[in-house]
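Listed below are the residues making up each chain.
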Amino acid sequence: VQLQASGGGLVQAGGSLRLSCVASGIIFGLNRMGWYRQAPGRQRELVATITRGGSTNYADPVKGRFTISRDSAKNTVYLQMNSLKPEDTAVYSCYADDFVNGFLNAYWGQGTLVTVSS
């Protein structure tokens, strides 16, 4: 499974961006999909995840501002980011996992840079 993310860029504080991530390859049925981010000098952290059934989980700093969604038919996950803050500046990476023969497989896409200017 390959993940291709897009949608990053430069935006002013208070602005919005929408990230997309498409999964391709041999897909048996993706379980969780989501987004993580890593700011300079910091560890990678969870942003949001969504299960196949639509259950979502958000990191506290983004609750109320970011919305994760997915189109399972298109194997695509989205992250709508509103009211962006300079502290949201980071490389955002998409994530997906599946269960094959009882084993959990995790997949990571390349990052897309989000820069929020003050």
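Okay, so let's go over this structure.

Rules behind the numbers
- Residues numbered from 1 in each chain as written.
- Predicted model: local features only at pLDDT ≥ 70, side-chain atom pairs only at ≥ 80, totals over all residues.
- Heavy atoms only, no water.
- Core = buried A, V, L, I, M, F, W, Y, C linked by side-chain atoms within 4.5 Å.
- Buried < 20%, exposed > 50% of the residue type's maximum accessible area, 1.4 Å probe, protein only.
- Helix = DSSP H or I, 4+ residues; strand = E, 2+ residues; numbered from the N terminus.
- Contact = heavy atoms within 4.5 Å.
- Pairing = 2+ DSSP bridges.
- Axes fitted to C-alpha atoms, helices over the stretch in contact; angles between N-to-C directions.
- Phe/Tyr/Trp six-rings, centres within 6.5 Å; stacked < 30°, edge-to-face > 60°.
- Lys NZ or Arg CZ within 6 Å of the ring centre and 35° of its normal.
- Polar contact = N/O pair within 3.5 Å; in protein donor to acceptor, adjacent residues only side chain to side chain.

### Some details on the nonpolar core
If you look at the biggest cluster of nonpolar residues, it comprises 30 residues, and the most contacted ones within it are Trp35, Val47, Phe66, Ile68, Leu79, Met81 and Tyr92. Counting residues per element, the ones that place at least two in this core are strand 1 (2-6), strand 3 (17-24), strand 4 (33-38), strand 5 (45-50), strand 7 (66-71), strand 8 (76-81), strand 9 (90-100) and strand 11 (112-117). Contacts of Val47, omitting those with residues within four sequence positions, involve Trp35, Tyr36, Arg37, Asn57, Tyr58, Ala59, Val62, Phe66, Leu79 and Tyr92.

### Focus on the sheet that holds strand 1
Sheet strands associate in pairs through backbone hydrogen bonding, adopting either a parallel or an antiparallel arrangement. The four strands are arranged 1-3-8-7 in an open sheet whose pairing can be described as antiparallel. Because the sheet does not close on itself, it has two edges, and the strands there are strand 1 and strand 7. Each neighbouring strand pair of the sheet contributes to a mean axis angle of 15°, computed without reference to strand direction. The pairing of strand 3 with strand 8 spans six bridges and is antiparallel. Its bridge partner lying in strand 8, Cys21 is registered against Val77.

### Details of the packing of aromatic side chains
According to the stated counting rule, one finds three aromatic pairs in the structure shown. One aromatic cluster is present, formed by Tyr36, Tyr95 and Trp108 through successive ring pairs. If you follow Arg18 out to its NZ or CZ, it ends over the ring of Tyr78, 4.1 Å from the centre. When the ring centre of Trp108 is taken as reference, the NZ or CZ atom of Arg44 above it lies at 3.8 Å.

### Focus: the side chain of Thr49
As for its position among the elements, Thr49 is in strand 5. Once residues within four sequence positions are removed from consideration, Thr49 is found in contact with Arg32, Met33, Gly34, Ser55, Thr56, Asn57 and Ile68.

### Thoughts on the pairing of strand 7
Only one face of strand 7 is buried, namely the one carrying Phe66, Ile68 and Arg70, since none of Thr67, Ser69 and Asp71 on the opposite face is buried. Sheet topology note: the strand 7/strand 8 ladder contains six bridges and is antiparallel. Each bridged residue has a counterpart across the sheet, and for Arg70 the counterpart in strand 8 is Val77. Linking strand 7 to strand 8, which pair antiparallel, is a turn of four residues; within it Asn75 sits at a positive phi near 50°.

### Brief notes about the side chain of Thr112
The topology assignment puts Thr112 in strand 11. A distance of 3.1 Å separates a polar side-chain atom of Thr112 from the backbone nitrogen of Gly8. Excluding anything up to four places from it in sequence, Thr112 contacts Ala5, Ser6, Gly7, Gly8, Leu19, Ala90, Val91 and Tyr92.

### Some thoughts on unusual backbone geometry
Phi angles above zero are rare outside glycine, and Asn75 is one such case at about 50°. Mapping Asn75 onto the fold places it in the loop between strand 7 and strand 8. The backbone phi angle of Ser83 is positive, close to 50°, even though this residue is not glycine. Position of Ser83 relative to the elements: it lies in the loop between strand 8 and strand 9. The class for Ser83 is partly exposed, based on a relative accessible area of 42%.

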